Amino acid sequence: MKLTGLTAVELGRRIKSGEIGVREAVEAQLDAISAKEDKYHCYITVLREEALARADEVQKGIREGRYTSPLAGVPVAVKDNICMRGVRTTCASKMLEEFRPPYSAAVVEKLEAAGTVILGKTNMDEFAMGSTTETSFFGETKNPWDITRVPGGSSGGAAAAVAAGEAFAALGSDTGGSIRQPSAFCGVTGIKPTYGTVSRYGLIAYASSLDQIGPIARNVEDCAALLELIAGRDERDSTSVTREGPAFGSALSGGVRGMRIGIPRGYFSGGLDAEVKDAVLAAAGVLQEQGAEVEESELEAVDYAIPAYYVIASAEAGSNLSRYDGVKYGYRAPGCGGLQEVYKKTRSEGFGEEVRRRMLIGAFVLSSGYYDAYYGKAMKVREVIRQGFDRAFERYDMLLGPTAPTTAPKLGASLGDPLKMYLGDIYTVAVNLAGLPAISLPCGRDRAGLPIGLQLIGRPFGERELIRAARSFEQTRQWRLPAAGCISDGRGGAAEREAV
Amino acid sequence: MKNYETVIGLEVHVELATKTKIFCGCTTQFGGPPNTHCCPVCTGMPGTLPVLNRRVVEFAVAAGLATGCEITGNCRFDRKNYFYPDLPKAYQISQLYLPICRNGGIEIETEQGAKRIGIHEIHMEEDAGKLVHDPQEDCTLVDYNRCGVPLIEIVSDPDMRSAGEAVAYLEKLRLILQYLGVSDCRMQEGSLRADINLSVREAGSTQLGTRTEMKNMNSFRAIARAVEGERKRQIEVLESGGRIVQETRRWDDGRNTSFAMRSKEEAQDYRYFPEPDLVPVVISEDWLREIKAREPELRDAKMLRYEKEYGIPAYDAAILTGSKRLADIFEETAALCGNPKEASNWLMVEALRLLREAGQEPEELALEPAKLAALIRLVEAGTVNRTTAKEVFEKIFREQVDPEVYIKENGLAMVQDDGLLRETVLRVIDANPQSAADFLGGKEKALGFLVGQTMKVLRGKGNPERVNALLREALGQRTAES
Amino acid sequence: MITDETIAYAAALAKLELSGGERERLKKDLSEILGYIDRMNELDTDGVEPMSHVLPVTNVFREDVVTNGEDGENLLANAPDRSGDSFRVPRTVE
């Protein structure tokens with residue numbers, strides 16, 4: 001099997017043993033990117049020269065015992081809203097087209113300290129606002145399973161890169177489903193960690209109280225290994241927390257016997273696609289067979305998660321994105337006479353339509369006379385939703401449901417109707433409102449061959465249980481890379497293998 | 001004309017005397033080339049996050065405790081959103097919903113006796129940057145060095161009724177904050193700035209009139225004049241049948257009038273909401289006790305102690321403690337020279353005179369206690385006389401000279417050689433026979449002339465008492481001889 | 001429910017300039033979105049404290065120690081317009 005078809009952990013193992021050189025791995029990955037980027041457009045920036053130079057440095061470091069993590073030498077990608085010193089970090093916006101931060105995000109420092117090789121910055125919805133990666137100023141990313149379809153979003157470039165074999169693993173960010181939903185659409189695995197688990201320092205903020213960085217990879221083990229590298233308290237992020245307990249990587253085994261899993265009744269009504277429903281319920285059946293106690297459950301107030309989410313996220317985003325005013329960095333509209341013109345023209349020209357839309361919603365819901373009815377109410381609804389989860393977790397170790405109501409839609413099908421696009425976040429946003437961890441992993445494909453995502457939601461700091469259950473389920477499935485042509489195995493067919 | 005009452009409330013911004021900014025590890029040092037005391041956090045670079053400086057909380061609590069406030073056990077920060085080039089994030093991290101201190105007050109002295117001025121709240125926030133107009137290119141230059149310097153805003157109740165009360169309140173507040181060490185309160189450097197909210201109403205009315213706000217007043221004198229000027233303006237408007245518009249006005253101290261600031265293009269709608277990047281601050285009873293225990297001696301206590309412990313008259317004690325700087329210099333000098341009365345005299349008389357001449361405030365006094373103490377010791381030891389010492393003091397005051405070195409280098413030490421003194425005295429008597437005769441004839445005054453002549457010959461370096469004694473002795477001998 | 005004035009006011013607060021066509025489109029979008037958001041009112045939240053932070057974390061501080069050196073050039077490197085060591089903007093008027 002080709003090198004680029006390995007899992008990240010397996011590659012790390014072979015690099016450690018000396019069987020594969022770091023440069024060899026990086027070159028193979030860069031070759032794959034060269035071969036496929038035109039087709040999928042997963043990256044905004046590929047760090048070819050930097051990655052090759054880094055490969056030699058890492059190889060030396062591994063030999064000298066400086067890099068000992070399981071992913072030392074493994075090429076990874078990061079979403080382009082994560083700052084990397086001196087490297088263009090755009091948030092897929094014209095506003096930051098040429099922005100080069102003079103600092104690296106905490107997670108980038110951690111990836112570097114662990115000896116991974118960062119290959120490039122992946123495409124996304126502009127400022128992470130969107131569910132399709134179509135709002136990117138740099139053009140859409142295509143779903144490697146079907147290039148007429150979206151990869152999901154906002155971390156669509158990261159999920160597509162992992163699915164297409166353009167990265168072994170990637171970091172995404174998840175504010176309302178932006179790791180889980182593209183992972184589902186691209187048939188890969190992604191974890192949105194408990195709020196505070198991963199430092200947000202250097203993550204360009206969308207909605208500060210909801211944002212969380214997490215891993216996207218080909219399987220649960222890779223995700224766990226990557227999460228292990230990036231988690232931890234950071235004194236530069238006041239909301240990051242100290243976590244106790246064993247490594248995530250050691251949480252893989254043990255199975256689900258005795259675990260109590262609830263299936264929120266409300267998650268299986270309304271606009272849920274029948275094939276998605278069947279696949280998810282079948283997955284629940286598998287877990288039951290493996291020894292879990294699975295039953296239907298109640299989950300209060302989740303119907304109000306989307307309204308509350310869009311109020312809170314837009315309000316915070318409106319404030320967070322006000323700093324893009326043409327003064328300190330980023331785009332400034334040319335030929336402006338006065339200061340007000342600089343502000344208005346810069347922001348109107350520098351932001352795309354979806355961002356502008358959310359800026360307006362954000363300004364409105366906080367404006368004088370509307371605060372209580374919108375923002376105040378949303379924060380109360382948020383509290384009710386959290387309490388609803390608390391009650392559910394008194395009975396269950398985790399909740400199970402779909403990640404998204406459908407499989408990946410066609411390119412261009414979502415943009416005309418923003419509300420419809422927002423409603424697609426129905427299964428993901430409540431998790432962010434309550435700060436919970438959740439994992440999305442493939443649980444089948446629909447008739448068109450498109451991947452379906454299974455979501456497991458854990459109690460605060462319950463990542464280890466999620467990893468154990470997801471791993472248990474994953475082992476029963478054939479793990480597939482995307483359809484023929486996406487991953488070349490040298491035989492002209494789809495690469496397939498059993499899960500490790 | 002009707003009888004009007006003036007209603008004044010003050011919003012006082014005080015820069016805290018921390019080493020670093022409120023949310024990052026940048027220095028708060030005043031000055032420096034533009035954009036050198038900043039980092040990605042205080043310039044609002046994308047992806048950066050604030051982390052609260054513990055000392056800011058402790059200073060704010062200390063200020064609250066010293067002004068009788070209730071301390072909010074669980075306080076939070078909020079964002080105040082508006083666009084301006086001096087505000088790099090386009091929001092100021094401040095406190096609206098749960099400020100750290102509330103419901104306090106301080107007492108001021110008025111002509112009618114003591115009066116309590118209520119403090120509505122104290123909240124923590126970050127300062128903005130500095131905008132400088134570049135006349136050559138007709139543009140504005142932005143410097144973020146001050147951006148993120150910690151402030152507390154102390155909001156009074158509308159309890160003041162005159163310029164005198166407003167100034168008395170500010171002076172009292174300034175002393176409290178200076179004694180606490182939470183701020184140096186230098187108005188010239190902008191570390192204490194006051195916004196005046198002022199309205200007038202008919203005497204006896206209980207309803208508040210429409211108020212105007214005058215921002216960033218930076219001297220007591222300007223504040224007093226601004227209150228007077230705005231009061232007059234509002235009364236004139238009302239008397240001529242007009243209405244007061246709620247607005248922000250700028251006080252022009254040169255022209256002694258205020259004028260409306262051009263209203264910002266957009267309505268002021270700050271869209272406050274809780275700051276998601278910072279966690280709540282919980283102030284436990286233990287922490288409160290700890291902060292209270294660290295509270296230094298405040299002015300009133302110090303004044304009493306000066307009277308009791310040092311025997312300083314009440315009037316002098318009040319003056320000395322009326323400036324934290326003066327009090328600090330006094331105490332250190334007294335400790336070094338062991339002579340509090342002398343230390344007090346030098347400061348009360350010479351230092352204040354020189355300050356007055358220089359048009360400076362006691363707060364600006366740059367006098368090293370060690371040098372003053374050395375001078376006092378030199379006078380006590382008879383090395384220099386008082387007249388010379390005053391000269392030396394001036395040199396210390398103006399040029400920070402070392403008194404011992406200065407006296408030595410300029411040969412100002414008194415002549416201690418009794419032989420030389422005797423010789424000089426005899427020569428002076430010989431040169432002034434008439435005065436000698438006058439003295440001997442009973443004219444005491446003539447002795448003064450001879451002392452003066454002797455000192456002149458000695459170029460001021462004689463100990464006048466010793467010279468006096470030697471003259472009497474020599475003249476006495478003349479009598480005996482004749 | 002969303003009027004021209006509301007859109008104009010929100011745009012002024014957010015410092016956005018909207019063309020006529022965009023204004024109409026946004027008016028429609030926002031009406032739909034806010035209409036949907038209004039569903040929140042179906043949920044009884046009487047007596048509920050609004051959430052402030054999702055995790056019970058309090059008192060995160062840094063000590064008052066200078067940790068940053070001078071970094072002016074790095075900060076100015078991304079400036080769209082500068083003059084010497086300062087960011088430059090059109091004249092601010094008062």
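All values derive from a computational prediction rather than experimental measurement.

To continue, consider unusual backbone geometry. All names here are of chain A. In this chain, G153 is followed by S154 through a cis amide linkage whose omega measures 10°. Looking at where S154 falls in the secondary structure, it is placed in the loop between β3 (117-122) and α5 (156-164). The backbone of H41 sits at a positive phi, close to 55°, despite the residue not being glycine. Structurally, H41 is set in the loop between α2 (22-40) and β1 (43-46). Accessibility expressed as a C-beta count within 10 Å gives 23 for H41, which makes it buried. At T133, a position not held by glycine, the phi torsion is positive, near 65°. By the secondary structure assignment, T133 is in the loop between β3 and α5.

A few words on the interface of chain A and chain C. If you look at the interface, chain A gives 55 residues, while chain C gives 40 residues. Counting only elements with at least two residues in the side of chain A that touches chain C, the list comes to α9 (305-320), α10 (339-350), α11 (353-366), α12 (372-395) and α13 (418-423) of chain A. For the side of chain A that touches chain C, the element with the highest residue contribution is α12 of chain A, accounting for eleven residues. Among the residues forming the side of chain A that touches chain C, the class breakdown is 29 nonpolar, twelve polar and 14 charged.

Glancing now at helix α4 (residues 106-113) of chain A. Residues and elements named next belong to chain A. When we look at burial in α4, the residues that qualify are A106, V107, V108, K110 and L111. Among the structural elements, β2 (75-79), β3, β4 (169-174), β6 (212-217) and α7 (220-230) are those in contact with the buried residues of α4. Residue G115 follows α4 closely and has a positive phi angle near 85°.

Turning next to the domain arrangement of chain B. Segmentation of chain B into domains returns domain 1 (4-287), domain 2 (297-409) and domain 3 (418-481). One C-alpha centre belongs to domain 2 of chain B, the other to domain 3 of chain B; they are set 34 Å apart.

What counts, and at which threshold
- Residues numbered from 1 in each chain as written.
- Chains lettered and ligands numbered in written order.
- Predicted model: local features only at pLDDT ≥ 70, side-chain atom pairs only at ≥ 80, totals over all residues.
- Helix = DSSP H or I, 4+ residues; strand = E, 2+ residues; numbered from the N terminus.
- Buried ≥ 20, exposed ≤ 12 C-beta atoms within 10 Å, placed from the backbone.
- Contact = placed C-beta atoms within 7 Å.
- Nonpolar A, V, L, I, M, F, W, Y, C, P; charged D, E, K, R; others polar.
- Domains from an automatic or database assignment.

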